[in-house]
Amino acid sequence: MASRSLGGLGGNRGGGGGGGRKSLTARNAAVERRNLITVCRFSVKTLIDRSCFETIDDSSPEFNNFAAILEQILSHRLKGQVTWFGYESPRSFWDYIRVACRKVSQNCICSIENMENVSSSRAKGRAWIRVALMEKHLSEYISTALRDFKTTRRFYEDGAIVLGEEANMLAGMLLGLNAIDFSFCLKGEGLDGNFPAVIDYTPYLKFTQSSDSISSDEEELRTLGSSGSESSTPENIGPPFIMDENSWFNKCKRVKQKYQLTLEQKGYLEELLRLRENQLSESVAQNKILLQRIEDSDLAHKLEKEQLEYIIVELQDQLKSCQSLDQLSAEVSLSQTSLDPGQSQGDGKQDTLNLISGGKEDTPSLLGLCGSLTSVASYKSLTSLKSNDYLASPTTEMTSPGLTPS
């Protein structure tokens, strides 16, 4: 009975081993992703904090740690490259970046590919990280690559950081690095692709004990000391958390450096503000001058427009008067021709000119024009009347038998 029960228990354990192994694998993968993202967030914060005091370059331990973290994040569960013989050779994250980041405007992919001193794929990926940080476009590169989900699925296995929810957090964290001015040498030892990147976790594992926990530790030590031996007294037991003089000196030194840097930044900002105020005042003065010129030109254009409109109206009135005088002269010439055909050639033209000169306004601008128009019209009317021989004379009409008085 005992053997059967033990065997059944062992069978149950063996049957549930597959599900437990899967859950353990999923838990380990989730912890790994969470650890990398958390350490990346800490490294970004330390980089931003260090940039307030010094320039970030290849010798900065904060940057070296950040580069190693980012390299491991982009290499997390990266698929290998299958060769012709069916073997799977490892690849670097640069193979994914150069394909997924081609759509970035003014990208540095081609320049990284053409670098002479960088040969391996891992070294090119490290050079890309440095160039993207100097260009302040690292977050844009990562965001563009993550949006290309088809390419990302082709290069990474399930459970990778770039395929999970942590990818959006990664792009948001890297956005804060655009405020830092980096200075790197692309020919240094940091681009050596023969050795993998190693993360240093010690800067992020500092533990600071709170005041409540310190007091509780003191009470426990006093209790243990009094119960262990009667000769021990609480006065002989000091606090476990004592800061030495060097630590206080280092803190004061850091505060002093931060104060000096703040003063320098304050002076720089004040000088920059004064310069911008001068530029603003000059721009305002120039703007006022330009506005005054625009107003003057608008006023001149309005006056010129009014003058031209007045001239047009005056010309139209004079043209109408000339047309009316033309018609009047034609009627006068017709009437005179019908009364005295012998004098139509000499006196008609003279009377027409007298009427035109008497009825026309003396406008200097159109005096010659009106005279030419009236003379041409009267001349045409006189010639047409001269050729008409069928007009009856008034003497024949007066001597006709039907009109003689009885």
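Reading the values: rules and limits
Residues numbered from 1 in each chain as written. Predicted model: local features only at pLDDT ≥ 70, side-chain atom pairs only at ≥ 80, totals over all residues. Heavy atoms only, no water. Helix = DSSP H or I, 4+ residues; strand = E, 2+ residues; numbered from the N terminus. Contact = heavy atoms within 4.5 Å. Areas by Shrake-Rupley, 256 points an atom, 1.4 Å probe, with all protein chains shown as cover. Buried < 20%, exposed > 50% of the residue type's maximum accessible area, 1.4 Å probe, protein only. Axes fitted to C-alpha atoms, helices over the stretch in contact; angles between N-to-C directions. Parallel < 35°, antiparallel > 145°, perpendicular 65-115°, else oblique. Left-handed = near helix turned anticlockwise from the far one by under 90°. Nonpolar A, V, L, I, M, F, W, Y, C, P; charged D, E, K, R; others polar. Salt bridge = Lys/Arg side-chain N within 4 Å of Asp/Glu carboxyl O. Phe/Tyr/Trp six-rings, centres within 6.5 Å; stacked < 30°, edge-to-face > 60°. Lys NZ or Arg CZ within 6 Å of the ring centre and 35° of its normal. Core = buried A, V, L, I, M, F, W, Y, C linked by side-chain atoms within 4.5 Å. Patch = residues over 30% accessible without salt bridge, like charges linked within 9 Å, V, L, I, M, F, W, Y side chains within 5 Å. pLDDT = per-residue confidence, 0-100.

## Re the overall build of the chain
Step number 1: Secondary structure summary: the chain contains 14 helices and two strands in total.
Step number 2: Residue pairs in contact within the chain that sit at least 24 positions apart in sequence constitute 72% of those at least 6 positions apart.
Step number 3: Entry remark: accessible area of the chain is about 28200 Å², with carbon and sulfur atoms responsible for 56%.

## Structural notes on helix H7 (residues 138-147)
Step number 1: Counting buried positions along H7 gives seven out of 10 residues, so the element sits mostly inside the fold.
Step number 2: Among all positions in H7, only Leu 138, Ser 139, Tyr 141, Ile 142, Thr 144, Ala 145 and Leu 146 are buried.
Step number 3: Lining the buried residues of H7 we find helix H3 (61-74), helix H4 (93-100), helix H6 (121-135), helix H8 (149-155) and helix H9 (166-174).

## Section: the packing of H7 against H9
Step number 1: At a minimum axis distance of 8 Å, the contact between H7 and H9 shows a crossing angle of 160°. Judged by the inter-axis angle, H7 sits roughly antiparallel to H9. In this structure, H7 meets H9 at a crossing whose hand is left-handed. For the pair formed by H7 and H9, the contact residues are Leu 138, Ser 139, Ile 142, Ser 143 and Leu 146 on the first element and Ala 167, Leu 170, Ala 171 and Leu 174 on the second.
Step number 2: The residue makeup of the contact of H7 with H9, split by class, is seven nonpolar, two polar and no charged.

## Looking at the pattern of salt bridges
Step number 1: Going through the model one piece at a time under the given rule, you end up with 13 salt bridges.
Step number 2: The shortest N-O distance in the salt bridge between Arg 50 and Glu 54 comes to 3.9 Å.
Step number 3: Overall, Glu 54 belongs to the partly exposed group, its relative accessible area being 39%.
Step number 4: Overlapping salt bridges, with partners in common, bring together Asp 95, Arg 98, Glu 113 and Lys 124 in one network.

## Let's talk about the environment of Ser 120
Step number 1: Here Ser 120 lies in the loop between helix H5 (109-113) and H6.
Step number 2: The spatial distance from the C-alpha of Ser 120 to the C-alpha of Asp 192 is 8.5 Å, given a sequence separation of 72 residues.

## What to know about the packing of aromatic side chains
Step number 1: Applying the stated criterion across every chain, the model contains seven aromatic pairs.
Step number 2: Taking 5.0 Å as the distance between ring centres and 85° as the angle between the ring planes, the aromatic pair formed by Tyr 96 and Tyr 156 counts as edge-to-face. Taken together, the positions of Tyr 96 in helix H4 and Tyr 156 in the loop between H8 and H9 put the pair 60 residues apart, joining distant regions of the chain. Across this residue pair, the class does not change: Tyr 96 and Tyr 156 are buried.
Step number 3: Within the aromatic cluster, the residues linked to one another by ring pairs are Phe 63, Phe 182 and Phe 184.
Step number 4: The ring of Phe 42 carries Arg 41 above its face, with NZ or CZ at 5.8 Å from the centroid.
Step number 5: We note Arg 130 situated over the ring of Phe 184; from NZ or CZ to the ring centre the distance is 6.0 Å.

## So, the packing of H3 against H6
Describing two packed helices takes the angle between their axes plus the distance from one axis to the other.
Step number 1: The contact between H3 and H6 brings their axes to 11 Å, and the two run at 120°. Comparing their axes, H6 and H3 come out oblique. Seen from above, H3 lies across H6 with right-handed handedness. From H3, Phe 63, Phe 66, Ala 67, Leu 70, Glu 71 and Leu 74 reach across to H6, where they touch Arg 122, Arg 126, Trp 128, Ile 129, Arg 130 and Leu 133.
Step number 2: Looking at side-chain class alone, the contact of H3 with H6 contains eight nonpolar, no polar and four charged residues.

## Points about the nonpolar core
Step number 1: By size, the foremost hydrophobic cluster in this structure holds 58 residues, and its most contacted members are Phe 66, Trp 128, Leu 133, Leu 138, Tyr 156, Leu 170 and Leu 177.
Step number 2: Listed by contribution, the elements that provide at least two residues to this core are helix H2 (17-51), H3, H4, H5, H6, H7 and H9.
Step number 3: Setting aside chain neighbours within four positions, we find Leu 133 in contact with Phe 63, Phe 66, Leu 138, Leu 177, Phe 182 and Phe 184.

## Side note on H4
Step number 1: For H4, the tally of buried residues reaches six of eight residues, placing the bulk of the element in the interior.
Step number 2: Phe 93, Trp 94, Asp 95, Tyr 96, Ile 97 and Ala 100 are the residues of H4 that are buried.
Step number 3: Tucked into the core, H4 has its buried residues touching H3, H5, H6, H7 and H8.

## Section: a nonpolar patch on the surface
Step number 1: Taken together, the side chains of Leu 308, Tyr 310, Ile 311 and Leu 315 present a nonpolar region at the surface, about 410 Å² in accessible area.
Step number 2: As for its position among the elements, Tyr 310 is in helix H11 (residues 245-339).
Step number 3: Given the relative accessible area of 59%, Tyr 310 is considered exposed.

## Describing unusual backbone geometry
Step number 1: Here the phi dihedral of Arg 77 falls at roughly 55°; this positive angle occurs in a residue that is not glycine.
Step number 2: Mapped onto the secondary structure, Arg 77 falls in the loop between H3 and strand S1 (81-82).
Step number 3: The residue Lys 136 is not glycine, and still its phi comes out positive at about 60°.
Step number 4: Examined against the element boundaries, Lys 136 turns out to sit in the loop between H6 and H7.
Step number 5: Lys 136 gets classed as partly exposed once you look at its relative accessible area, which sits at 29%.

## Here we look at the confidence of the model for the chain
Step number 1: On average, residues of the chain score 76 in pLDDT, and 67% of them are at 70 or above.
Step number 2: Across the chain, the element-wise mean pLDDT spans from 40 in helix H14 (residues 394-398) up to 94 in H3.
Step number 3: For the stretch residues 228-242, pLDDT sits under 50, and the model shows eight contacts to residues farther than four places along the chain or on other chains.
Step number 4: In this model residues 359-406 is a low-confidence stretch, pLDDT under 50, and it forms 30 contacts with partners more than four residues away in sequence or in other chains.

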